[in-house]
Amino acid sequence: METDCTRDDAPVNARAELAAMPAQRTPLTAAPAPLPAGTRLLHIGPHKTGTTSIQGALFGAKEKMPEYGVEFPAASRHPMQAVLAACSRGGMIGDTTPTERHWQQLLEQVDATGRSTSVISSEFFADAPDDATIERVVEQLGGERVHVLVTLRPLAKIMPSQWQQYVQNGLRMGYEEWLEHMLRKAPYEKPNPSFWRRHRHDRLVERWVRVVGADRVTVVVVDDRDREGLMRTFETLLGLPADLLQPVPDTANRSLTLAETEMLRNLNKEFRGNGLPDELYSKLIRNGAVMHMKNACSPTVQDVKISTPQWAVEAAAEIGAEMAERITAMGVRVVGDPKLLSAVPKPASREGAAEARIAPEVAAQALYGALAAVAETQSTRAGARGVHQTSSKELVRVLGHRCLKRLRRR
């Protein structure tokens, strides 16, 4: 379920509000000073700002960091269920609803770190619906020990990635129509009210500043030209040695190509049009077809990328400029260049652009993933191994056996 956003989170002009903001600006620093020992660094995302890569690197260094007084208390790369519960959010479409117990388990793991520095990272903290929720999260994670870290990228780079992610959760709207709703159709809440809750970045920072104060918020502007810059920034803030954090490949989190997204979007239309249950979507589509396709197929240079029309790029840049100005006026520490948030990339050449077509092998892997998810349900009930350990031959045998049994019963 999406979190409703208020009218204040719409992409409105913020110049009038800027006049009322304090004039102080935080100087940029290439290498930020390390946080005090014992800090609990809370990385709140938002989505599509390098969160998965940093979570993978932190989890990969989980056994090495305690040597330097730093703990990664989560039991998995991303404690999503716990954070969804803390922020009163439902799970992805068709998934089991997270419970308070998930959050309490994470709190117990954080408490077990004692006086060590620790880091908790989840982009779903950006979905916290109100100040009361933020206050509760901060207090339970350590109160004054908590330092909030926000990572930002330009809206023009976030929008295509966020759209295809929404499609992976059931969205049926095409990209350009979606952009029209997000940028031109007030109150900018449909079909995904969470978008501006997450990505009106100035108001996101402002909500957390209201709770913890500007001196306990760091904003990092990610520079995509420096692929490992975010990891080096985390190392510096946490007092870790250089190059301890390393990228961890994660094919399951890669973005879909335009052809893959369009295939899925049309499948979503059929799925919804036939009134199939959400649980089936979760199991067969998102965690079956899409997950297997991502793991089995890597994008190539021939794949057509999701292209943002120039009017939307320019609108996003204008909003980015307003957000950057407001953020730098809040007195928070800013690492990186806020001007990147309003940069307008050169228009992509449409000359000779290829048509987005799904490759037969990609479609086959998606279909196999859905079939495998069916077989996994039966295997799990029987205590057998998981779907991705099942060969195609065995899968066909299992499905065939099931069909024969049903026919005989009839």
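For clarity, every value in this text was computed on a predicted model and none was experimentally measured.

Each value, and the rule that gives it
Residues numbered from 1 in each chain as written. Predicted model: local features only at pLDDT ≥ 70, side-chain atom pairs only at ≥ 80, totals over all residues. Heavy atoms only, no water. Core = buried A, V, L, I, M, F, W, Y, C linked by side-chain atoms within 4.5 Å. Buried < 20%, exposed > 50% of the residue type's maximum accessible area, 1.4 Å probe, protein only. Contact = heavy atoms within 4.5 Å. Pairing = 2+ DSSP bridges. Helix = DSSP H or I, 4+ residues; strand = E, 2+ residues; numbered from the N terminus. Polar contact = N/O pair within 3.5 Å; in protein donor to acceptor, adjacent residues only side chain to side chain. Axes fitted to C-alpha atoms, helices over the stretch in contact; angles between N-to-C directions. Parallel < 35°, antiparallel > 145°, perpendicular 65-115°, else oblique. Left-handed = near helix turned anticlockwise from the far one by under 90°. Nonpolar A, V, L, I, M, F, W, Y, C, P; charged D, E, K, R; others polar.

Core analysis: the largest hydrophobic core is formed by 64 residues, its most contacted members being Trp103, Phe125, Trp208, Phe234, Leu245 and Val332. The residues contacting Trp103, other than those within four sequence positions of it, are Ala82, Ala85, Ala86, Phe125, Arg136, Val137, Gln140 and Leu141. Core analysis: the next-biggest nonpolar cluster, separate from the first, contains 38 residues, Met173, Tyr175, Leu264 and Ala312 among them.

Turning next to the sheet that holds strand β5 (residues 217–221). The sheet built from 6 strands is open, its strands ordered β2-β3-β1-β4-β5-β6 with parallel pairing. On the outer flanks of this sheet lie β2 (70–71) and β6 (333–335), each paired with one strand and no other. For strand β1 (residues 40–43) and strand β4 (residues 146–152), the ladder comprises 4 bridges, and the chain directions are parallel. Of the residues in β4, the one forming a bridge with Arg40 is Val146.

In this section: the pairing of strand β3 (residues 117–121). Taking burial as the measure, the 5 residues of β3 include 5 buried ones, the bulk of the element. Side-chain alternation along β3 places Thr117, Val119 and Ser121 on one buried face and Ser118 and Ile120 on a second face that is also buried. Where β1 lies against β3, 4 bridges are found, and the strand directions are parallel. Looking at β3, one finds that Leu42 is bridged to Ile120. Where β2 and β3 come together, 2 bridges link them in parallel fashion. Looking at β3, one finds that Val70 is bridged to Thr117.

Here we come to the side chain of Arg326. Position of Arg326 among the secondary structure elements: in helix α13 (residues 310–328). Residue classification places Arg326 among the buried residues on the basis of a relative accessible area of 1%.

As for its position among the elements, Gln164 is in helix α6 (residues 155–167). Here the side chain of Gln164 touches Gln168 through a polar contact of 2.7 Å, side chain to side chain. At 3.4 Å, the side chain of Gln164 forms a polar contact with the side chain of Ser255. Those residues in contact with Gln164 that lie beyond four places of it in its chain are Lys48, Ser255, Leu256, Thr261 and Ile306.

Attention now moves to the packing of α6 against α13. At their nearest, the axes of α6 and α13 sit 8 Å apart, and the two run at 120 degrees to each other. Classified by the angle their axes make, α6 and α13 are oblique. For the pair formed by α6 and α13, the contact residues are Leu155, Ala156 and Met159 on the first element and Ala312, Val313, Ala316, Ile319 and Met323 on the second.

Take the packing of α6 against helix α11 (residues 258–273) next. Remark: α6 packs on α11, axes separated minimally by 9 Å, with the N-to-C direction vectors making an angle of 40 degrees. Judged by the sense of rotation from one axis to the other, the crossing of α6 with α11 is left-handed. Contacts between α6 and α11 involve Trp163, Gln164 and Val167 from the former and Thr261, Glu262, Leu264, Arg265 and Asn268 from the latter. A per-class count over the contact of α6 with α11 returns 3 nonpolar, 3 polar and 2 charged.

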